[in-house]
Amino acid sequence: SHTSPSTLSFPHAYPGPWSLILEIEAHRGLISVIGLAAILGRSKFTVYRMANRKEIPSLIVGGSRCFEPAALAAHYRKKYPASAAAANRITNMAA
């Protein structure tokens, strides 16, 4: 099982729908398909399907599908504004 350090931070400390946005924003560097599958709690096949259907923003680098954290976070902030507001409140409390 693949677990990156970022998959252990926010969701456990702040359970809730906003944790997806915080988790993605906390990630440094590009996110792999397997990494995003772990964050979303989906299979890698579902992540590939979502990317191929352009349901989530993605890049292809050297033939491999990957995800830019800022673009993903912006996508989920737009798609789930209430969760984005909650993520902002948590971020401000932590600052």
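Residues numbered from 1 in each chain as written. Predicted model: local features only at pLDDT ≥ 70, side-chain atom pairs only at ≥ 80, totals over all residues. Heavy atoms only, no water.

Peer 1: Quick rundown of helix 6 (residues 81-94)? Include the residues and the values.
Peer 2: Side chains of residues three or four places apart in an α-helix project in the same direction, reflecting 3.6 residues per turn. Given a rise of 1.5 Å per residue, 14 residues ought to cover 20 Å, and the 20 Å separating the end C-alpha atoms of helix 6 matches this to within 8%. Along helix 6, the positions that sit buried rather than exposed are S83, A84, A86, A87 and I90. One face of helix 6 carries all of its buried residues, which in axial projection span an arc of 160°. Set apart from the buried face of helix 6 by more than 90 degrees, the exposed residues are P81, A82, R89, N92 and M93. Looking at the buried side of helix 6, the elements it contacts are helix 2 (19-26) and helix 5 (69-79). (Helix = DSSP H or I, 4+ residues; strand = E, 2+ residues; numbered from the N terminus. Expected span 1.5 Å × (residues − 1). Buried < 20%, exposed > 50% of the residue type's maximum accessible area, 1.4 Å probe, protein only. Arc of directions from axis to C-beta. Contact = heavy atoms within 4.5 Å.)

Peer 1: An account of the nonpolar core is requested, with residue identities and associated values reported.
Peer 2: Counting 21 residues, the largest nonpolar core has I24, L36, V47, I56, F67, L72 and Y76 as the members making the most contacts within it. Sorting the residues of this core by element identifies helix 2, helix 3 (33-40), helix 4 (44-52), helix 5 and helix 6 as the ones contributing at least two each. With 5 residues, the top contributor of residues to this core is helix 3. Here L72 is in contact with I24, I31, L36, I56, P57 and F67, once residues within four sequence places are set aside. (Core = buried A, V, L, I, M, F, W, Y, C linked by side-chain atoms within 4.5 Å.)

Peer 1: How would you summarise the environment of G29 if you had to cite specific residues and measurements?
Peer 2: Among the secondary structure elements, G29 is positioned in the loop between helix 2 and strand 1 (31-32). On the accessibility criterion, G29 (45% relative accessible area) is partly exposed. Between the C-alpha atom of G29 and that of E68, which follows or precedes it by 39 residues, the distance is 7.3 Å.

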